[in-house]
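Read off the chains here:
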Amino acid sequence: MYFFMKRNLLLKRILGFCLAALLICAVGMPVFAAKVQIVENTIDVAAARKNMIGPGYNWQNRYDTLELDGLYLTTNDDYGLRLPRSCTVILKGENYIKAAKYALSCAGTVTFKGNGKLFLEAGEIGMYLYSEDGTQKVRLVDGSYEIHAGDYGVFSVASDFSLVDGSMDITVDNPDGAAVSGRIVHLLGGEFRADNAVEASHILEVRGVDLDVTAGRAAFTAPKLDVSHIALTADGTAVETYEGQAAVQGVSTYKDVRPSVIFGENVNGIADYICLFVLVVAIAAAVVLPILKQKKKKQKLLERLAAENPEAAEILKK
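Bear in mind the structure is a predicted one, so any value in this text is a computation, not a measurement.

### Focus: the overall build of the chain
When its secondary structure is counted, the chain shows three helices and 28 strands. Considering the chain as a whole, with its 318 residues, one finds that 35% of them fall into the buried category. Once local pairs closer than 6 in sequence are excluded, the contacts in the chain between residues at least 24 apart make up 43%. A total accessible area of about 18800 Å² is found for the chain, and carbon and sulfur atoms account for 59% of it.

Here's what the structure looks like:
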């Protein structure tokens, strides 16, 4: 009898433990799921007149600053995230934006910075710069960007587009589309990978950037094209210059040294500091030397008076 009672008690404890575990899982699962809140509508910061704060985004209207930290936006709307005419976007953590047509659109000058990642997925254009003002500039200063779009990874109507640093990886479904298409495009640093061409209607500068571009036509096209400071491999062969190849890889050879403002880009910027040092020394000499000379003259006068008239010398010293 004692044995059966003991066994029943043990079974009750095991059953109770199992029920408790199931209850913890049932309660814990919604809490875990709630950590990632999905935004299902367009975030229109372009129309903001006050601060906007939501899951994964924080717009400070006074400072024109948008912080993205863990944003997960997926919508059937045409636009995912709409940015105003002038702002700064700070990336933190991993951020995902998916929209029917345009994942992210910029109305004007925008600077992207931070050490986070931004993933854009769009039916037509990943990053749409629709301003018709040619003075507007969109700069990717640092951060990581991954774009998957139907027609264009980045499309700019008139704004200058620049990858200054960080990394960018673009995949485009339409072979007749482009990884980047704009009026003026600069790829100036960091890493750039794409499976389609980069085109500019005016100027395309590809300088000091690690490259991996494979397109169905010329990888780079522009009336004014500059591909420099890169050890190039085109179509599997090392080349000195870019000549319209479709598959291009490259490693930056650009030394992060500022060129001279005074003597031009072929002279190291340290020459400017040397000139500045010499100028400061010259100015100091022009000010200090006359003072020292005057003191020396006064000292000689005192010594002479001390020899000829000690009392007058003591008065001058005072």
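Past the structure itself, the notes keep going.
### Topic: the pattern of salt bridges
All chains considered together, the criterion is met by eight salt bridges. One salt bridge in this structure joins K137 and D160, with 3.4 Å as the shortest N-O distance. In this pair, K137 sits in strand β13 (residues 137-140) while D160 sits in strand β16 (residues 160-163), placing the two residues 23 residues apart along the sequence. Judged by its relative accessible area of 36%, K137 is partly exposed. Since its relative accessible area comes to 7%, D160 is described here as buried. Among the salt bridges present, the one from D169 reaches R193, with a minimum N-O distance of 2.7 Å. Note that D169 is positioned in strand β17 (residues 167-172) and R193 in strand β19 (residues 191-194), a separation of 24 residues in sequence. Among the residues examined, D169 registers a relative accessible area of 25% and is labelled partly exposed.

### Details of the packing of aromatic side chains
As enumerated under the stated definition, the model contains nine aromatic pairs in all. Between Y79 and Y102, the aromatic rings sit 5.0 Å apart at their centres with planes inclined by 45 degrees, giving tilted as the arrangement. Taken together, the residues Y79 in strand β6 (residues 79-83) and Y102 in strand β9 (residues 102-106) connect sequence positions 23 residues apart. Between the aromatic rings of Y96 and F119, the centroid separation amounts to 5.3 Å while the plane-to-plane angle is 20 degrees, which identifies the pairing as stacked. Residue Y96 is located in strand β8 (residues 94-99), and its partner F119 is located in strand β11 (residues 117-122); the two are separated by 23 residues in the primary sequence. Its relative accessible area of 17% is what places Y96 among the buried residues. Among the aromatic side chains, those forming a connected cluster through ring pairs are Y79, Y102, Y128, Y130, Y152 and F155. The residue whose ring lies beneath R82 is Y79, and the NZ or CZ to ring-centre distance is 4.5 Å. Positioned above the aromatic ring of Y254 is the side chain of R207, whose terminal nitrogen or guanidinium carbon lies 5.4 Å from the ring centre.

### Quick word on a nonpolar patch on the surface
Residues L276, L279, V280, I283, V287, V288, L289, I291 and L292 make up a contiguous nonpolar surface patch of about 820 Å² in total accessible area. Mapped onto the elements of the fold, L279 is located in helix α2 (residues 270-308).

### Comments concerning the pairing of strand β24 (residues 230-234)
A one-sided burial pattern is seen for β24, the buried positions being I230, L232 and A234 and the unburied ones A231 and T233. Two strands pair when backbone bridges link them, and β24 and strand β25 (residues 237-239) are joined in this way by three bridges, in the antiparallel orientation. Residue pairing across strands places A234 opposite T237, the latter belonging to β25. Between β24 and β25, which pair antiparallel and follow one another directly, the connecting turn spans two residues, one of which, D235, has a positive phi of 55 degrees.

### Regarding the environment of T171
Here T171 is to be found in strand β17. Given the relative accessible area of 26%, T171 is considered partly exposed. For T171 and E121, which are 50 residues apart along the polypeptide, the C-alpha to C-alpha distance reads 9.6 Å. Dropping the residues within four chain positions of it, T171 is found in contact with I147, H148, A149, R193 and D195.

### Some details on the pairing of β13
Strand direction decides the pairing type here: strand β10 (residues 109-114) and β13, joined by three bridges, are parallel. Its bridge partner lying in β13, F112 is registered against L140. Relative to β16, β13 runs parallel, the two sharing four bridges. Bridge pairing in β16 links K137 to D160.

### Regarding the sheet that holds strand β21 (residues 210-214)
Pairing between sheet strands relies on hydrogen bonds along the backbone, with the strands arranged either parallel or antiparallel. Within the open sheet, the 10 strands sit side by side as β5-β8-β11-β14-β17-β19-β21-β26-β24-β25. Their pairing is mixed. A single partner strand is all that each edge strand has here, and the edge strands are β5 (72-74) and β25. Adjacent strand axes in the sheet meet at a mean angle of 15 degrees, parallel and antiparallel pairs treated alike.

Here is what the cut-offs are and how they apply
Residues numbered from 1 in each chain as written. Predicted model: local features only at pLDDT ≥ 70, side-chain atom pairs only at ≥ 80, totals over all residues. Heavy atoms only, no water. Helix = DSSP H or I, 4+ residues; strand = E, 2+ residues; numbered from the N terminus. Buried < 20%, exposed > 50% of the residue type's maximum accessible area, 1.4 Å probe, protein only. Contact = heavy atoms within 4.5 Å. Areas by Shrake-Rupley, 256 points an atom, 1.4 Å probe, with all protein chains shown as cover. Salt bridge = Lys/Arg side-chain N within 4 Å of Asp/Glu carboxyl O. Phe/Tyr/Trp six-rings, centres within 6.5 Å; stacked < 30°, edge-to-face > 60°. Lys NZ or Arg CZ within 6 Å of the ring centre and 35° of its normal. Patch = residues over 30% accessible without salt bridge, like charges linked within 9 Å, V, L, I, M, F, W, Y side chains within 5 Å. Pairing = 2+ DSSP bridges. Axes fitted to C-alpha atoms, helices over the stretch in contact; angles between N-to-C directions.

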